[in-house]
Amino acid sequence: MFKAVSEGYKELVAVAISTPKSEYPVGPCGACRQVLTEFGKNDVPVIFGPSYEKAVKKTLGELYPFDSLHELAEN
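Residues numbered from 1 in each chain as written. Predicted model: local features only at pLDDT ≥ 70, side-chain atom pairs only at ≥ 80, totals over all residues. Heavy atoms only, no water.

## Some points on the packing of aromatic side chains
So, step 1. A complete count under the given rule lists zero aromatic pairs for this structure.
So, step 2. Note that lysine 57 overlies the ring of tyrosine 52, its terminal NZ or CZ placed 4.5 Å from the centroid. (Phe/Tyr/Trp six-rings, centres within 6.5 Å; stacked < 30°, edge-to-face > 60°. Lys NZ or Arg CZ within 6 Å of the ring centre and 35° of its normal.)

## Quick look at helix α2 (residues 30-39)
So, step 1. Taken residue by residue, α2 has Arg33, Val35 and Leu36 as its buried positions. In an axial view of α2, the angular spread of the buried residues amounts to 165°, which keeps them on one side of the axis. Residues of α2 that are exposed and point more than 90 degrees away from the buried face comprise Gly30, Ala31, Gln34 and Glu38. (Buried < 20%, exposed > 50% of the residue type's maximum accessible area, 1.4 Å probe, protein only. Helix = DSSP H or I, 4+ residues; strand = E, 2+ residues; numbered from the N terminus. Arc of directions from axis to C-beta.)

## Digging into the sheet that holds strand β1 (residues 15-18)
So, step 1. The strand order β1-β2-β3 describes an open sheet built from three strands, whose pairing is mixed. The open sheet is flanked by β1 and β3 (56-59), the only strands paired with a single partner. Shown here is a sheet whose adjacent strand axes are inclined to one another by a mean of 15°, direction ignored.
So, step 2. Bridge count for strand β2 (residues 45-49) against β3 is four bridges, and the pairing is antiparallel. Bridge pairing in β3 links proline 45 to threonine 59. (Pairing = 2+ DSSP bridges. Axes fitted to C-alpha atoms, helices over the stretch in contact; angles between N-to-C directions.)

## Quick word on the state of the cysteines
So, step 1. The full count for this structure, using the stated rule, is zero disulfides.
So, step 2. No disulfide involves cysteine 29; its nearest neighbouring cysteine sulfur is the one of cysteine 32, lying 3.4 Å away.
So, step 3. With a relative accessible area of 41%, cysteine 29 lands in the partly exposed category.
So, step 4. Judged by its relative accessible area of 39%, cysteine 32 falls in the partly exposed class. (Disulfide = S-S within 2.5 Å.)

The structure is reproduced here in structure tokens:
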């Protein structure tokens, strides 16, 4: 995110997080969520997981109710 902003990109269109060595989807941490919300609207798609087949598909706004990685993995 910081690299994108430093290059002039200041509005998110989508976010993808790949964690191929994980057995379950790992979403953005709290600090990352805060930064993402500064540059993205609630409807920005966020896709994260170890593979596309096991990925969780949410919007930036849908990430807020979750407070741990385990809750994200269950949804």
